[in-house]
Amino acid sequence: MLKEDGTILLGKAGDKEVVLYPSMLNRHGLIAGATGTGKTVTLKVIAESLSELGVPTVIADVKQDLSGMIVEGDMDGISGRLESMGINDYSTRKYPVHFFDVYGKTGHPLRARMQDMGPLLLSQIMDLSDAQAGVLNIIFKAAEDMELDIIDLKDLQAMTQYVGEHASDMSLKYGNVAKQSVGAIQRKLLELENEGADSFFGMPSIAVEDWMETEGKLGIMNIIECQELFQHPHLYAIFLYWMLKQLQKNLPEEGDMEKPKIVFFFDEAHLLFDEAPKKLLEAIEQTVKLIRSKGVGIFFCTQTPADIPGDVLAQLGNRIQHSLRAYTPAEIKAAKMAAESFRQNPELDVVNEISNMKTGTALVSVLDADGAPTIVEKTKILPPRSSMEKAADERIESCIENDSIYGKYEKVIDPESAYEAMDDLHEQEEKEKQEAAEEKARAKEEAAREKAEARAKAKEEEYKKNWDKRLKRKAANKIENEVMNAGIRSARKFLKNLLK
């Protein structure tokens, strides 16, 4: 609930108001607790207040229980709680929502172009080795040089196959293209396809400005239906990380602000880290550290702080811890660690409270106006102003069809890109091979003809040479015969004269 001084009333610790300072919300936060202890209520209270501040939010809805934001709450159901907290100036209301769904079933489709993600981010997502990442970079560079777009999954699969088929030529131009690396990339792409990534990669891709809208001075709540996406943890992690990277890439540096530009709520946040490859995990941690300077706040919602890596947890200045189950030694240890993470309150036995609190009550330590953590307070959380019930399907459909971005993402755009160009490329290559074969045949035929002509000429010259020799021999024989005949005639004449 938004107070007159611009702070967010989260709840009460006895008679003491526990508030969040909007200027500290880009320092990120944690909403933790066992299932059924009130995390969703806390999330709704903060998101509603941010909307009233004019701050848009992006909320991953894993359990489909946030659609009630578009329905006014029921005062009869919360009047007793408000009375117990001594709150009189309270009213219910509904909030403007954009519904999104990666699969396009219960919201506007969410898509991203492969080439917008680029080889570096995709390498982190697919957990590629340095050598494989180098080949992926070559694949993207080759596509760029060939003026081919890589928009969806089948484009990258087709381009990867093409580079593998032309590995020798590609290696000469770009560097070593090992077929083993190409094969590894193809397997990783198949894994993504099996997780349904072909629904996520494509056009039109989401425009960041559509997350940043306001309606009647209220910040839009961008609720992302993740119930189906949640069944594919790796894709869920990819999707959440990509959203953060989009904002980090497109928003300018802001530094300290009176209120954040946008706030993310990541439900079941452990999936963002449990399923993330090491390189992706490191990239997520770095992004969380840097994105606050863009005016972006992040709240991670999970069961226990132990689900969040230490380097990320250290960045979460606003902490709201609902009850934890503590029956097994591991659970007891996790509860104790969670209790010790707060700035201690000498009047509160945090270790005991953390496993015995009622639903709707939480241990809260937030950043004050100067950025220092407050002492932990056992806080009764306010009820949301919107409905806690799931909205009717027809009401959700009406909300989708009547919001400001309806029609922008509904129709898939599949322009000619790498996949479609492959048929033409293969046809051109076959044509070039055929022309090369024909040219080779013509060259061979020409060579044979020239060789035959050379042989005929040589034979003719040899015949002529031999003919000249025969003529000379014939002439010599004629002279020789004439000389002999002349001699014979002279001899006969001599004998004839002698006998006389």
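Quick summary incoming for the structure in this document. Note that this is a predicted model, so its numbers are computed, not measured. (Residues numbered from 1 in each chain as written. Predicted model: local features only at pLDDT ≥ 70, side-chain atom pairs only at ≥ 80, totals over all residues. Heavy atoms only, no water.)

## Observations concerning the layout of surface pockets
As a volume, the largest pocket reaches approximately 480 Å³. Of all the elements in the fold, those that place two or more residues in the lining of the largest pocket are helix 1 (39-52), helix 2 (75-84) and strand 11 (296-302). For the lining of the largest pocket, a count of residues per class yields nine nonpolar, 14 polar and eight charged. By volume, the second largest pocket is sized at about 330 Å³. At the level of elements, strand 9 (221-225) and helix 15 (393-401) are the ones that each hand at least two residues to the lining of the second largest pocket. Top element by residues in the lining of the second largest pocket is helix 15. It accounts for five residues. Its residues assigned to classes, the lining of the second largest pocket shows seven nonpolar, five polar and eight charged. (1 Å grid on protein atoms, 1.4 Å probe; cavity = no way out; pocket = protein on both sides within 12 Å on 5 of 7 lines; lining within 4 Å. Points joined across faces, edges and corners; volume = space filled by probe spheres on them. Helix = DSSP H or I, 4+ residues; strand = E, 2+ residues; numbered from the N terminus. Nonpolar A, V, L, I, M, F, W, Y, C, P; charged D, E, K, R; others polar.)

## Digging into the side chain of Thr 304
As for its position among the elements, Thr 304 is in the loop between strand 11 and helix 12 (310-313). By relative accessible area, Thr 304 is classed as buried at 14%. Thr 304 has contacts with Ala 32, Leu 324 and Ala 334, leaving out every residue within four places of it along the chain. (Buried < 20%, exposed > 50% of the residue type's maximum accessible area, 1.4 Å probe, protein only. Contact = heavy atoms within 4.5 Å.)

## Some details on helix 13 (residues 329-340)
In this model, helix 13 (twelve residues) spans 17 Å end to end at C-alpha, consistent with the 16 Å of a helix rising 1.5 Å per residue. Along helix 13, the residues that are buried comprise Ala 334, Ala 335, Ala 338 and Ala 339. Projected down its long axis, helix 13 shows its buried positions confined to an angular sector of 135 degrees, all on one face. Turned more than 90 degrees from where helix 13 packs its buried face, Pro 329, Ala 330, Lys 333 and Glu 340 sit exposed. (Expected span 1.5 Å × (residues − 1). Arc of directions from axis to C-beta.)

## Here we look at the nonpolar core
By size, the foremost hydrophobic cluster in this structure holds 86 residues, and its most contacted members are Met 159, Trp 211, Phe 239, Trp 242, Met 243, Phe 264 and Phe 300. It is helix 9 (residues 233-250) that contributes the most residues to this core, eleven residues altogether. Setting aside chain neighbours within four positions, we find Phe 300 in contact with Gly 29, Leu 30, Ile 31, Phe 266, Ala 269, Leu 272, Phe 273, Val 288, Ile 308, Val 312 and Leu 316. Judged by nonpolar contacts, the second largest core, of 46 residues, contains Ile 8, Leu 66, Tyr 90 and Cys 399. (Core = buried A, V, L, I, M, F, W, Y, C linked by side-chain atoms within 4.5 Å.)

## Some remarks on the pairing of strand 4 (residues 57-61)
Along strand 4, five of the five residues are buried, which leaves the element largely enclosed by surrounding structure. Of the two faces of strand 4, both are covered, the one formed by Thr 57, Ile 59 and Asp 61 as well as the one formed by Val 58 and Ala 60. When strand 4 meets strand 9, the two strands line up parallel, connected through five bridges. From the neighbouring strand, Ala 60 faces strand 9, where its bridge partner is Ile 224. (Pairing = 2+ DSSP bridges.)

## Brief notes about the pairing of strand 10 (residues 262-266)
Here strand 10 lies mainly inside the structure; five of its five residues are buried. Along strand 10, one buried face is formed by Ile 262, Phe 264 and Phe 266 and the opposite face, lined by Val 263 and Phe 265, is buried too. In the sheet, strand 4 pairs with strand 10 via three bridges, with the strands oriented parallel. By the bridge assignment, Ile 59 is partnered in strand 10 with Phe 265.

## Focus on the sheet that holds strand 5 (residues 97-101)
Judged by pairing direction, the sheet is mixed, and its twelve strands sit side by side in the order 2-1-14-13-12-3-11-10-4-9-5-6 without closing on themselves. Each end of this open sheet is capped by a strand with a single partner; those strands are strand 2 (16-20) and strand 6 (108-109). Where strand 5 meets strand 9, five bridges bridge the pair, whose relative direction is parallel. Bridging from a neighbouring strand, Asp 101 pairs with Glu 225 of strand 9.

## Comments concerning the environment of Gln 248
Along the chain, Gln 248 falls in helix 9. Residue classification places Gln 248 among the buried residues on the basis of a relative accessible area of 15%. In the structure, Gln 248 is positioned 159 residues away from Gly 407 in sequence and 26 Å away in space, judged by C-alpha atoms. With residues near it in sequence (within four places) discarded, Gln 248 still touches Thr 287, Leu 290, Ile 291 and Lys 294.

## A word on a negative patch on the surface
There is a patch of like negative charges on the surface, built from Glu 416, Asp 423, Asp 424 and Glu 427. For Asp 423, the location among the structural elements is in helix 16 (residues 418-499). (Patch = residues over 30% accessible without salt bridge, like charges linked within 9 Å, V, L, I, M, F, W, Y side chains within 5 Å. Areas by Shrake-Rupley, 256 points an atom, 1.4 Å probe, with all protein chains shown as cover. Salt bridge = Lys/Arg side-chain N within 4 Å of Asp/Glu carboxyl O. Lys, Arg positive; Asp, Glu negative; His and termini not counted. Charge placed at Lys NZ, Arg CZ, Asp CG, Glu CD.)

## Some words on empty space enclosed by the protein
Throughout the structure, instances matching the rule amount to one cavity of 30 Å³ or more. Considering every element that reaches the lining of the largest cavity, the biggest residue donor is helix 1, with three residues. In terms of residue class, the lining of the largest cavity is made up of three nonpolar, one polar and four charged.

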